[in-house]
Amino acid sequence: MTQKLDNLQAALQSLLGDKIKTFKRERGEITITVAAAVYAEVARQLRDDPALQFEQMIDLCGMDYSSWQDSGAYEGPRFAVVVHLLSLQHNWRLRLRVYCPDDDLPMVSSINEIWNSANWFEREAFDLYGIIFEGHLDLRRILTDYGFIGHPFRKDFPTTGHVEMRYDPEQKRVIYQPVTIEPREITPRIVREDNYGGLH
């Protein structure tokens, strides 16, 4: 395992050089962080270079680091995109991270043309975090309703929401209404039977 990671580390540092902003190797995994300006270029190089050949994108997700900022231990951009890659040729795995430069309008390049499996993952990150993928040909919501306001995985999103939808049998259609959540106390179930579960 160590030799395999050594080979991957050497290949990455040799081919990407200064494009890698941070390099982290821990728990048998390698994570590289690149700038948003070179994100798509690095992704294409990771896929096409014969020394790397990361031909498969396994996962892409958004990240919100606002709680890290609140703790005072982290100073940096709020949003990031994390991509997990696999090289079948070399049996290597890699985590690629890119931070969105602007917290108010988080945006990075789309890598959908590099790995077409990124299509729905980028739509999901857009829907849940509000991250815009520049160049994506069909960037629209994938999990929430079309009229939904906000992005649910942002940690500043209200936990009670704004509106709920339900079917109204009188109007024979789906309607929207303000969310009604009544506060309630949750009391654990107390079993008072002497022989409960066959115990004596």
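Report follows, based on the coordinates. Given the structure is predicted, the values throughout are model-derived calculations rather than measurements.

**Notes on the pattern of salt bridges**
Moving on, step 1. In this structure the tally under the stated criterion is nine salt bridges.
Moving on, step 2. For K19, the salt bridge goes to E41, with nearest N and O atoms at 2.7 Å. Residue K19 is located in the loop between α1 (2-16) and β1 (20-26), and its partner E41 is located in helix α2 (residues 39-48); the two are separated by 22 residues in the primary sequence.
Moving on, step 3. The exposure class of K19 is partly exposed, given its relative accessible area of 24%.
Moving on, step 4. Under the relative-accessibility criterion, E41 is labelled partly exposed at 43%.
Moving on, step 5. Here D64 makes a salt bridge to R78, at a shortest N to O gap of 2.9 Å. Here the residue D64 occupies a position in strand β3 (residues 56-64), and R78 occupies one in the loop between α3 (66-71) and β4 (79-87), the gap between them amounting to 14 residues.

**Notes on the side chain of R141**
Moving on, step 1. Summarising the element assignment, R141 is placed in the loop between β7 (132-134) and β8 (163-168).
Moving on, step 2. Of the polar contacts made by the side chain of R141, one reaches the side chain of D127; its length is 2.6 Å.
Moving on, step 3. Residues in contact with R141, not counting those within four places in the same chain, are R123, F126, D127, Y146, F148, G150 and H151.

**Overview of the nonpolar core**
Moving on, step 1. Judged by nonpolar contacts, the single largest core of 38 residues is most densely connected at L12, Y39, L46, L60, V81, V83 and I111.
Moving on, step 2. Mapped by element, the contributors of at least two residues to this core are α1, β2 (29-34), α2, β3, β4, β5 (92-99) and α4 (118-129).
Moving on, step 3. For this core, the element with the most residues is α1, which contributes five residues.
Moving on, step 4. The residues contacting Y39, other than those within four sequence positions of it, are V34, L60, V81, V83, L96, V98, V108, S109 and I111.

What counts and how
- Residues numbered from 1 in each chain as written.
- Predicted model: local features only at pLDDT ≥ 70, side-chain atom pairs only at ≥ 80, totals over all residues.
- Heavy atoms only, no water.
- Salt bridge = Lys/Arg side-chain N within 4 Å of Asp/Glu carboxyl O.
- Helix = DSSP H or I, 4+ residues; strand = E, 2+ residues; numbered from the N terminus.
- Buried < 20%, exposed > 50% of the residue type's maximum accessible area, 1.4 Å probe, protein only.
- Polar contact = N/O pair within 3.5 Å; in protein donor to acceptor, adjacent residues only side chain to side chain.
- Contact = heavy atoms within 4.5 Å.
- Core = buried A, V, L, I, M, F, W, Y, C linked by side-chain atoms within 4.5 Å.

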